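One-letter residues, chain by chain:
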Amino acid sequence: MNAISVNNLTRDYGTLRAVDHISFEVESGEFFGFLGPNGAGKTTTIRMLTGLSEPSEGTASIMGCDITRDAFHAKEHFGIVPEVSNIYEDLSAWNNLMFAGELYGLSQPERTRRARELLEIFDLTGFRDKKAQGFSKGMRRKLTLAMALIHEPEILFLDEPTSGLDVQSSLLLKEILSRLNREGTTIFLTTHMLEEANTLCNRVAIIVKGRLAAVDAPEKLKKTIQTTQSVEVSLDSMTSQVTADLTAIKTVTSSRHEGDKFRLFTPDPAVVATAIFEYAQAHRLKIISINTVGPSLEDAFLSIVQRQGDSRTEGRP
Ligand SMILES: Nc1ncnc2c1ncn2[C@@H]1O[C@H](COP(=O)(O)OP(=O)(O)O)[C@@H](O)[C@H]1O
Ligand SMILES: [Mg+2]
């Protein structure tokens, strides 16, 4: 059975279509990434899937339970780490966990057992009676995650779980998520960071402006990423001869003007940057600015759509 099944799910806010007829499936045991730039519709989707917001159109089910008609049973199967923390600031870590356990209908002994276990797993045992308001961002995120796991759900939804965390807390959180997934939890994670989706997920859906652009393995996405790295350069003279010479640099796949800058796409920005320095020196040109630019999500999106278009026409007469 699919853990999550989404069919033409749509959500309108007035005249704005935040999510536009998206369909996809997540298998049990997958680490699924839901990737898209800010405002793409990730939170809206996760809110619909977790019963916090009504779809305008379409359906979805969690472990076979329809999210609107059978919301009660659907909820037994998942935990959610929302974008905005759901911790009660003036409750202790322990009481936050007790409260979450009650919400999920766990018995007193069950709640106690799970809370002890989770405090241990998340290294929060020493803080069990401290109020959450004094916690660091990393500790808060861990507590939110512990609360989401209190009823041992099969599926875990997380909305940009690493946003705002320092590098160390973010790494730790990713390790915990990977371990949970190895132990069998299905994970649905939203992020606007390509690299994060790349390192964590088995499969990634890309959403842009409410529409699903692709559902693919991250290796394929990685290829796209590599071809969309670029070097942005501005020289004091940008004649057509100069731009033609720059475009001819080894490994440059394409180029374009962007305002007063010239952008060179390449899988190897370091090589191109070095070649630009040499070229400028040889031709006595001054470099006004030079930057290596990672791929924007829109770049990845565009090239994915392009690739899909190409493969669709392949093999046709
Ligand atoms: N409650 C709301 N009312 C009106 N518009 C909303 C609401 N929530 C989200 N939106 C709009 O829907 C779009 C998608 O938002 P969201 O799902 O939060 O994107 P993401 O999580 O990918 O950044 C955005 O244009 C956003 O402004
Ligand atoms: Mg969001």
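**A look at the environment of E120**
Tracing the backbone shows E120 in helix α4 (residues 108-121). A relative accessible area of 54% places E120 in the exposed class. Taking C-alpha positions, E120 is 18 Å from Q108, a pair spaced 12 residues apart along the chain.

**Some points on the nonpolar core**
Of all hydrophobic cores here, the largest spans 42 residues; its most connected members are L143, L145, L156 and L177. Examining the composition of this core, we find that six residues originate from one element, helix α5 (residues 137-148), more than from any other. Once residues within four sequence positions are removed from consideration, L145 is found in contact with V81, F122, L156, L158, L173, I176 and L177. Judged by nonpolar contacts, the second largest core, of 27 residues, contains I4, I67, F78 and I155.

**Some details on the pattern of salt bridges**
For the structure on display, the rule yields 15 salt bridges. For R211, the salt bridge is made with D20, and the minimal N-O distance between the two is 2.9 Å. With a gap of 191 residues between them, R211 in strand β10 (residues 211-216) and D20 in strand β2 (residues 16-27) connect regions that are remote in the sequence. Residue R211 is classed as exposed on the basis of its relative accessible area, which comes to 53%. Across the salt bridge formed by E89 and R140, the nearest N and O atoms sit 2.7 Å from each other. Of this pair, E89 sits in the loop between β6 (78-81) and α3 (93-103) while R140 sits in helix α5, and the two are 51 residues apart along the sequence.

**A look at the environment of M139**
Assignment of secondary structure puts M139 in helix α5. For M139, a relative accessible area of 15% gives the class buried. For the pair formed by M139 and A93, sequence separation is 46 residues and the distance between their alpha carbons is 9.8 Å. Those residues within four positions of M139 in sequence are excluded, and the remaining contacts are L124 and F127.

**Some words on the coordination of the magnesium ion (ligand 2)**
For the magnesium ion (ligand 2), every protein donor is listed as T43 (OG1) and E83 (OE), and the spread of their distances is 2.0 to 2.5 Å. On the criterion of sequence distance, the pair formed by T43 in helix α1 (residues 42-49) and E83 in the loop between β6 and α3 is long-range, its members being 40 residues apart. Judged by relative accessible area, E83 falls into the partly exposed class, the value being 43%.

**Here we look at the site of ligand 1**
Taken together, the neighbourhood of ligand 1 is formed by Y13, L16, A18, P37, N38, G39, A40, G41, K42, T43 and T44. Between ligand 1 and the protein, one listed contact pairs an oxygen atom with a backbone N or O atom of G41 at 3.0 Å. Elements that contribute at least two residues to the shell around ligand 1 include exactly β2 and α1. Here the element with the most residues in the shell around ligand 1 is α1; it accounts for three residues. Of the residues belonging to the shell around ligand 1, the class tally is five nonpolar, five polar and one charged.

**Describing the sheet that holds strand β5 (residues 65-66)**
An order of β2-β1-β4-β5 is seen for the four strands of this open sheet, with the pairing classed as antiparallel. In this open sheet, the two edge strands, each paired with only one partner strand, are β2 and β5. Note: strand β1 (residues 2-13) against β2, eight bridges, orientation antiparallel. In the sheet register, V6 faces β2, and the bridge partner there is F24. Set on the sheet, α1 makes contact with β1, β2 and β4 (57-62); between it and β1 the angle comes to about 120°.

**Describing the confidence of the model for the protein chain**
Residue-level pLDDT values for the protein chain average 90, and 91% of them are 70 or greater. Within the model, the stretch residues 312-317 combines pLDDT values under 50 with zero contacts to residues more than four positions away or in other chains.

**Looking at the side chain of T185**
Along the chain, T185 turns up in the loop between α6 (167-182) and β8 (186-191). The class for T185 is buried, based on a relative accessible area of 10%. Apart from residues no more than four positions distant in its own chain, T185 is found in contact with E30, P153, E154, I155, L156 and L180.

**Focus: the domain arrangement of the protein chain**
How large an interface is tends to be reported as the accessible area lost when its parts come together. Along its sequence, the protein chain is carved into domain 1 (2-224) and domain 2 (229-294). Placing a centre on the C-alpha atoms of domain 1 and another on those of domain 2 gives a separation of 42 Å.

**Notes on the side chain of E232**
Along the polypeptide, E232 turns up in strand β11 (residues 230-235). K261 is the oppositely charged side chain nearest to the buried, salt-bridge-free E232, at an N-O distance of 4.8 Å. Once you skip the residues sitting within four places of it in the chain, E232 turns out to touch E258, K261, F262, R263, S289, I290, N291 and V293.

Conventions and cut-offs
Residues numbered from 1 in each chain as written. Chains lettered and ligands numbered in written order. Predicted model: local features only at pLDDT ≥ 70, side-chain atom pairs only at ≥ 80, totals over all residues. Heavy atoms only, no water. Helix = DSSP H or I, 4+ residues; strand = E, 2+ residues; numbered from the N terminus. Buried < 20%, exposed > 50% of the residue type's maximum accessible area, 1.4 Å probe, protein only. Core = buried A, V, L, I, M, F, W, Y, C linked by side-chain atoms within 4.5 Å. Contact = heavy atoms within 4.5 Å. Salt bridge = Lys/Arg side-chain N within 4 Å of Asp/Glu carboxyl O. Donors = N, O, S within 2.8 Å, 3.2 Å for Na, K, Ca; no water. Near = heavy atom within 4 Å. Polar contact = N/O pair within 3.5 Å; in protein donor to acceptor, adjacent residues only side chain to side chain. Nonpolar A, V, L, I, M, F, W, Y, C, P; charged D, E, K, R; others polar. Pairing = 2+ DSSP bridges. Axes fitted to C-alpha atoms, helices over the stretch in contact; angles between N-to-C directions. pLDDT = per-residue confidence, 0-100. Domains from an automatic or database assignment. Lys, Arg positive; Asp, Glu negative; His and termini not counted.

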